[in-house]
Amino acid sequence: MRQVVGLQDAINYYLCPKFEKTFSFLGKKWNGLIIDVLLQEGVLRFREIARQIPKCSDRVLVERLRELEDDGVVVRTEHDDSSLIEYSLTEQGKELAPIMHEIHTWSEKWYPSVEK
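Calculation rules
- Residues numbered from 1 in each chain as written.
- Predicted model: local features only at pLDDT ≥ 70, side-chain atom pairs only at ≥ 80, totals over all residues.
- Heavy atoms only, no water.
- Core = buried A, V, L, I, M, F, W, Y, C linked by side-chain atoms within 4.5 Å.
- Buried < 20%, exposed > 50% of the residue type's maximum accessible area, 1.4 Å probe, protein only.
- Contact = heavy atoms within 4.5 Å.
- Helix = DSSP H or I, 4+ residues; strand = E, 2+ residues; numbered from the N terminus.
- Polar contact = N/O pair within 3.5 Å; in protein donor to acceptor, adjacent residues only side chain to side chain.
- Pairing = 2+ DSSP bridges.
- Axes fitted to C-alpha atoms, helices over the stretch in contact; angles between N-to-C directions.
- Salt bridge = Lys/Arg side-chain N within 4 Å of Asp/Glu carboxyl O.

**Considering the nonpolar core**
1) Next: In terms of nonpolar packing, the biggest core is built from 23 residues, with I34, I35, I49, L61, L65, V73 and V74 touching the most fellow members.
2) Next: Excluding its chain neighbours within four sequence positions, the residues that come into contact with L65 are I34, F46, I49, V74 and Y87.

Shown next as structure tokens:
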């Protein structure tokens, strides 16, 4: 049986800190797109990521990649024999694949007419 909650009843909206942390990094502008690009394309150089997300400035892209690296989602690989630097997802980042797939499915259903 459902009870009607009166105005005097306090509702606790406290969220789990882990849940909040996850949404704060996934919801930060460009992070979802960076993760999505790396999920689709695999290992990429900075310029290749920047080409995939043209509205994101280089400065912001550098910041976001560093943050994702600090969060353990992206790994930055420097090659000793060249100036080549590549970015890829860690195992933690790759585990976001089903979540990103579900976000795509949900957005196609509810925002079918949104243009790029």
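**Notes on the side chain of N31**
1) Next: Locating N31 in the fold gives a position in helix α2 (residues 31-41).
2) Next: A polar contact is formed between the side chain of N31 and the backbone oxygen of F25, at a distance of 2.7 Å.
3) Next: Beyond its immediate stretch of four places on either side in the chain, N31 contacts F25, L26, R64 and L68.

**A short note on the sheet that holds strand β3 (residues 85-89)**
1) Next: In space, the three strands of this open sheet follow the order β1-β3-β2, with antiparallel pairing throughout. If you trace the sheet from one side to the other, it starts and ends with β1 (44-45) and β2 (74-78), each paired once.
2) Next: With two bridges connecting them, β1 and β3 associate as antiparallel partners. When the bridges of β3 are listed, L44 appears paired with Y87.
3) Next: Seen against the sheet, α2 touches β1, β2 and β3 and runs at an angle of roughly 95° to β3.

**Digging into the environment of V75**
1) Next: By secondary structure assignment, the location of V75 is in strand β2.
2) Next: In this structure V75 comes out as partly exposed when scored by relative accessible area, which is 32%.
3) Next: C-alpha of V75 to C-alpha of E91: the two residues are 16 residues apart in sequence and 9.8 Å apart in space.
4) Next: Not counting residues within four places of it along the chain, the set of residues in contact with V75 comprises E86, Y87, S88 and T90.

**Structural notes on the pairing of β2**
1) Next: Here β2 runs beside β3; their pairing, made up of five bridges, is antiparallel. Bridging from a neighbouring strand, V74 pairs with L89 of β3.
2) Next: Counting the residues in the hairpin turn of β2 and β3 gives six residues.

**Here we look at the pattern of salt bridges**
Pairing of side chains with opposite charge becomes possible as their charged atoms draw close.
1) Next: Using the criterion set out here, one finds eight salt bridges in the structure.
2) Next: The closest approach of N and O atoms between E63 and R64, which form a salt bridge, is 3.6 Å.
3) Next: Taking relative accessible area as the criterion, E63 reaches 30% and is therefore assigned partly exposed.
4) Next: For R64, a relative accessible area of 12% corresponds to the buried category.
5) Next: One salt bridge connects R64 with E67, and the closest N-O pair in it is separated by 3.8 Å.

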